[in-house]
Each structure stands twice: as C-alpha cells, then as structure tokens.
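So you can see what is in the structure, the chains are spelled out below.
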Amino acid sequence: MTSYSMLKISKRALDADELAEMIRLAINAGHSVSFNAPGGSMLPFIHSDDKICVSPVAKMSIRVGDILIFVRPPDNQVIAHRVVKSSPYGFLCKGDNVTSLHDGWISYESVLGRVDRVQRKGKDVRIGVKLGNRLIAWLSEKNLLVPLFNSFRRVKRGINRLFSRKSEN
C-alpha cells in the first residue's frame, strides 16, 4: 500500500502535448486541475506563475468574458485566454495583455476547461464578476484594455509621487 507521505513530488516542465493530455484526462473524469500559468498575456488579471484552477465546462455555459484553457491550432499550444466573441461554431479568444492579435476561432473540441480560480502567492485573486468580465472582454476586443490599464498605472504613479512629496515636507 502506497502512502502519500512516501511519494516523491518533483517539479518538471511539461511540453504542450503532455499538458493538454493531462488536463483533458482529468477534466473528462470530472476533476479540476491546477497548474502555474506561464507568460504575461493575461496581465493584469493572471500573472506569470499564478496558479490557475481549471474545471470542466459545458459548451452552452461558456460566455463572453470567461477565461478558457484550450489547445490553439495550428501550434497545439495550451493557452488561457478570454472569450471576446461567441458563435454556435466556436469562440474568439484573446489575451488581456495582447494589443492586437487574437487566437482565431476556437472550436469547442479544442476547449479543455474554464478557469474558475486564480491564486497568487497562496491567496485567491478575484478574476472579476460576470458583468466585469464582459466589459473586460469588450475592451480587449477593441484593443482598449492595455492602453486603459497603462493610463491607470501612470495616474496611480503620479498620485503616489504627489503624496510621497507631501509627506516628505
């Protein structure tokens, strides 16, 4: 009998095919999967190395604003991007931090699951409410999300500098 305390856990990178197969097997068995997200295409909502939790999703429950995990044709990369448009034939997905390119239309057969939770440094991160997700998807589709966040960052830095100068005097 094998005890969990006896198992040796090691960290290793999976290639895209291995990751897709692991997710597909778990999701098809009705389980959720979590793994660390690489890259910054979903900033500021998902950071590189955030733990993303993926659950099974029915085709009819996918909405604009949802973040899907899918296998992107033609390079077979496993991607987590937001749905910006939906049709009976598939989903147009795009990274929140990508100014112009989208992933093309993704068929339901390429969808592995939906991101339902994000953790950063062991704490849950809010990934939005339904109305907020739709607004984020619309801003992303129109290529307004990145410039809008950059503007907010500049304003925040200016306010921080203003108050730090006042406290120095």
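The structure this text deals with has already been given above.
Cut-off values and rules
Residues numbered from 1 in each chain as written. Predicted model: local features only at pLDDT ≥ 70, side-chain atom pairs only at ≥ 80, totals over all residues. Heavy atoms only, no water. Helix = DSSP H or I, 4+ residues; strand = E, 2+ residues; numbered from the N terminus. Buried < 20%, exposed > 50% of the residue type's maximum accessible area, 1.4 Å probe, protein only.

A.B. asks: Mind laying out unusual backbone geometry, listing which residues take part and the relevant values?
C.D. replies: With an omega of 5 degrees, the peptide bond running from Leu43 to Pro44 counts as cis. Mapped onto the fold, Pro44 is located in the loop between β1 (33-36) and β2 (51-55). Its identity as a non-glycine residue notwithstanding, Asp49 has a phi of 80 degrees, on the positive side. Mapped onto the elements, Asp49 comes out in the loop between β1 and β2. Positive phi is not limited to glycine here, since Asn76 has a value of about 60 degrees. Among the secondary structure elements, Asn76 is positioned in the loop between β3 (67-72) and β4 (77-87). Given a relative accessible area of 40%, Asn76 falls into the partly exposed group.

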